[in-house]
Every structure is written in C-alpha cells, then in structure tokens.
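Single-letter residue listing:
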Amino acid sequence: MADASGTFEANEVIVSSEAAGRILSFDIEEGQNLAKNAIVGQIDPEDLMLQKEQVEASITALEQKTADVAPQVNLWKETLAVQRSQLATLEHERKRTENLLKEDAATGKQLDDINAEIDVLRKQMAVTRQQINVQQNTVSTQNRSILSEEQPLSKRAEQLKDQINRTKIKNPQAGTVITKYAEAGEITSPGKALYKIADMSVLTLRAYISGSQLSVIKTGQQVTVRVDKGPEEYKHLPGTITFISDKAEFTPKTIQTKDERANLVYAIKVKVKNDGYLKIGMYGEVLLNVKDAQGR
C-alpha cells in the first residue's frame, strides 16, 4: 500500500502576445519541444515600423531647423579685426603727435582730435564685441529650444524599436508545447494567449498525506514514486519532497475513496525526473520507506 497518492503536474507557462496585429507566422505544434528564446512566430510589425520612420524623420527635420551662428559671428569678428587695425594706427599717430607737441611742431587740438577718435573707436569695438555675444547667445537659445524636442522624440523611437522587437514571438523557456491557442493569419492583441508550454524534464507529483505522517517526512527527503506500467506491474522512480503544506485540507475527491473524503490531509510536492514515461495528469503513488519500496 502506498503512503500517499496524487497526480503529476508540470510548471506550465502560458505565453501571451506582446503586440497587436495579424500573426504572419506561427510555426509550432502541440507536443513539439522548443528551446529557450527560440523565435516561433512573427506578428506584423509594419504599422510600428512606419511610426518609427516618422519619428526619425521628425528628428532629422529638427536638426535642419537649427541655425549656424558661424557666418554672422565671423562677419562681426572681421569688423572687429579692422577696428583693431584702425586703433593701432591711431595710437601710433597719437604717439607721433605727442612727440611733435613736445617740439612745438603740433598743436594740442591735434592731439585732442586723435584722442577723441580713439575713444570713439574703442566704443565701437565694445559694441562689436557685444554684437558677437548677442548673436551667439540668441542662436544658441534658439537651437536649444529646437533641439529640446529631440530627446522625447528619441525616446519615442527607442520605445517603438522595443515594440517592434516584441512582434517576434519568443519562447520564454525550454519545454514542450501543451496547448496551442492561435494560428497564423489570426488577429492578436497584447495579453492574448498564444500557447501553453511546460518543462517536462522534471514533473511534480502533488500527493496528500495524513496528519500522522507529518512527523516522518521533511523537505529534501528522498522517496520512491511508483506509477502503473501494466496491469500487474509498477515503474519505480526516485523523487524528492520539495514542499509540505502547513495547512490541513479535506482529501480531494479524486484522490481517495468516499469513506476517506472527510479526513483532513496535507498536500506535499515530490519532484521526479522524467525519463519520458511520465505525463501530466498521470496518477502516481509515494512510498516513504525507500528500503521497502521494491518489496511492496
């Protein structure tokens, strides 16, 4: 007699669509083994690609709207260079006039006129420098205002790129396709189930034990699991207890006889490596005493 019994289950994952549109291809079949990250289908990405191209065109247009400050600034710099040359000439003339004035060969009015010209020219040079700064600041402010729109557009382009990548149906884990919910040519939407996959390499036997058995089991304990192999024959497999419920529940009707349904039991989970023989929903029994397992 078995110490506990139950049915096998697997870690099942329902893979859903991450994009909206028509399914262009979806090449999987129930029972097919899939590798992790395998591309198993494609949802039409055309609308998203057009949106991305539109955003990229808007970014290019922004760059064309920016002004180049260099030509205008260069013009003012050339003017300033001429003014510097004129200032050097006037300062040379002023020095010559001062020397002539010492020898009474020039008048004070001549020196005053030169100083006045120098003063006017220096003020003009100050205005020219101010014009250069104003021009640079004005164009820089205008360009910053235009280019400030580029960052949100770039983020939108990245978002669309990510959405385009999500139109590829990627398998999240290695396993066997249990159920297929969609076909190529159908219209799907985000969150809509496409298929169910389960890792069949290791199955879990969910079984139930009585309260009196709690004291003789623990997580990590090695047990023997047996399943029907024929009318009078069992197949024995090693298993490991990975979970013991801390809450009692009524015995599931599908597990025990009618007389035992009112008994309170505790659920346990036993991990069993699948050699290909085990199936989801298959009935199995747990033998806690491994030494006596083969003799039962």
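Scroll up for the structure.
Residues numbered from 1 in each chain as written. Predicted model: local features only at pLDDT ≥ 70, side-chain atom pairs only at ≥ 80, totals over all residues. Heavy atoms only, no water.

Colleague: Any chance you could explain the overall build of the protein chain here in plain terms?
Modeller: Per the secondary structure count, the protein chain includes four helices and 15 strands. In summary, the protein chain has a C-alpha radius of gyration of 43 Å against a globular reference of 19 Å for 296 residues, an excess of more than 25%. Per-residue burial over the protein chain gives 32% buried out of 296 residues. For the protein chain, the share of sequence-separated contacts (at least 6 apart) that also reach a separation of at least 24 residues comes to 76%. Surface summary for the protein chain: the accessible area is close to 18,200 Å², and the carbon and sulfur share equals 50%. In the protein chain, which carries 39 positive and 41 negative side-chain charges, the distance between the mean positions of the two groups comes to 5 Å. (Helix = DSSP H or I, 4+ residues; strand = E, 2+ residues; numbered from the N terminus. Rg over C-alpha atoms; globule rule 2.2 N^0.38 Å. Buried < 20%, exposed > 50% of the residue type's maximum accessible area, 1.4 Å probe, protein only. Contact = heavy atoms within 4.5 Å. Areas by Shrake-Rupley, 256 points an atom, 1.4 Å probe, with all protein chains shown as cover. Lys, Arg positive; Asp, Glu negative; His and termini not counted. Charge placed at Lys NZ, Arg CZ, Asp CG, Glu CD.)

Colleague: Honestly, helix α3 (residues 108-147) in this entry has me stumped. Any pointers?
Modeller: Think of an α-helix as turning once every 3.6 residues; residues three or four places apart then point the same way. Between its first and last C-alpha, α3 extends 58 Å over 40 residues, near the 58 Å set by a 1.5 Å rise per residue. The set of residues buried in α3 consists of Leu111, Ile114, Ile118, Leu121, Met125, Thr128, Ile132, Val139, Asn143 and Ile146. Packed against the buried residues of α3 are α1 (46-65), α2 (70-102) and α4 (150-165). (Expected span 1.5 Å × (residues − 1).)

Colleague: What's the story with the side chain of Gln213 in this structure? I'm lost.
Modeller: Tracing the sequence through the fold places Gln213 in the loop between β10 (202-210) and β11 (222-230). Note on Gln213: relative accessible area 14%, which makes it buried. A distance of 2.9 Å separates a polar side-chain atom of Gln213 from the backbone oxygen of Asp3. (Polar contact = N/O pair within 3.5 Å; in protein donor to acceptor, adjacent residues only side chain to side chain.)

Colleague: What is the right way to read the pattern of salt bridges from this model?
Modeller: Side-chain pairs of opposite charge can arise where the charged atoms are in close proximity. One pass over the structure, following the stated rule, counts 12 salt bridges. One connected set of salt bridges, linked through shared partners, spans Glu18, Asp162 and Arg166. (Salt bridge = Lys/Arg side-chain N within 4 Å of Asp/Glu carboxyl O.)

Colleague: How should unusual backbone geometry be read in this particular structure?
Modeller: Note on backbone geometry: most residues besides glycine have negative phi, and most peptide bonds are trans. Its identity as a non-glycine residue notwithstanding, Asn37 has a phi of 70°, on the positive side. Its location among the elements puts Asn37 in the loop between β4 (33-34) and β5 (39-43). Its identity as a non-glycine residue notwithstanding, Asp104 has a phi of 60°, on the positive side. Structurally, the position occupied by Asp104 is in the loop between α2 and α3.

Colleague: Before we go on, may I ask you to explain the sheet that holds strand β2 (residues 12-16) in this structure?
Modeller: Adjacent strands of a sheet pair through backbone hydrogen bonds, lying either parallel or antiparallel. Read across the sheet, four strands follow the order β2-β9-β7-β4 without closing on themselves; strand pairing throughout is antiparallel. Only two strands of the sheet have a single neighbouring strand rather than two, namely β2 and β4. By the bridge criterion, five bridges tie β2 to strand β9 (residues 193-198) in an arrangement that is antiparallel. Paired with Ile14 across the two strands is Lys196, which belongs to β9. (Pairing = 2+ DSSP bridges.)

Colleague: Please clarify how the pairing of strand β1 (residues 4-9) should be interpreted in this entry.
Modeller: Regular strands have side chains that alternate between both faces of the sheet. Bridge count for β1 against strand β15 (residues 283-287) is four bridges, and the pairing is antiparallel. The residue bridging Thr7 from the neighbouring strand is Tyr283, located in β15. With five bridges joining them, β1 and β10 adopt antiparallel strand pairing. Across the sheet, Thr7 pairs through a bridge with Arg206, a residue of β10.

Colleague: Please explain the nonpolar core as it appears in this structure.
Modeller: Where a protein is soluble and globular, its nonpolar side chains tend to be buried together. The biggest cluster of nonpolar side chains holds 22 residues, and the ones touching the most others in it are Phe8, Val270, Val272, Leu278 and Val286. Once residues within four sequence positions are removed from consideration, Val270 is found in contact with Leu203, Thr204, Leu205, Val223, Val225, Gly239, Thr240, Ile241 and Val286. (Core = buried A, V, L, I, M, F, W, Y, C linked by side-chain atoms within 4.5 Å.)

Colleague: Can you walk me through the sheet that holds β5 in this structure?
Modeller: The strand order across the open sheet built from four strands is β6-β5-β3-β8, with neighbouring strands paired in antiparallel fashion. In this open sheet, the two edge strands, each paired with only one partner strand, are β6 (168-170) and β8 (187-188). Relative to β8, strand β3 (residues 21-26) runs antiparallel, the two being bridged by two bridges. Across the sheet, the residue bridging to Gly21 is Thr188, located in β8.

Colleague: How should I be thinking about the environment of Gln222 in this particular structure?
Modeller: By secondary structure assignment, the location of Gln222 is in strand β11. Between the C-alpha atom of Gln222 and that of Thr240, which follows or precedes it by 18 residues, the distance is 4.7 Å. A distance of 3.1 Å separates the side chain of Gln222 from the side chain of Thr240, its partner in a polar contact.

Colleague: Explain the packing of α1 against α4 here, please?
Modeller: To describe two helices that pack against each other, one gives the angle between their axes and the distance between the axes. The N-to-C vectors of α1 and α4 enclose an angle of 160°; their axes lie 9 Å apart at closest approach. Considering their axes alone, α1 and α4 lie roughly antiparallel with respect to each other. As for how α1 packs across α4, the hand of that crossing is left-handed. Packed against α1, whose contacting residues are Leu48, Met49, Gln51, Lys52, Val55, Ser58, Ile59, Leu62 and Glu63, the element α4 presents Glu150, Leu153, Ser154, Arg156, Ala157, Leu160, Lys161, Gln163 and Ile164 at the interface. Classifying every residue of the contact of α1 with α4 gives nine nonpolar, four polar and five charged. (Axes fitted to C-alpha atoms, helices over the stretch in contact; angles between N-to-C directions. Parallel < 35°, antiparallel > 145°, perpendicular 65-115°, else oblique. Left-handed = near helix turned anticlockwise from the far one by under 90°. Nonpolar A, V, L, I, M, F, W, Y, C, P; charged D, E, K, R; others polar.)

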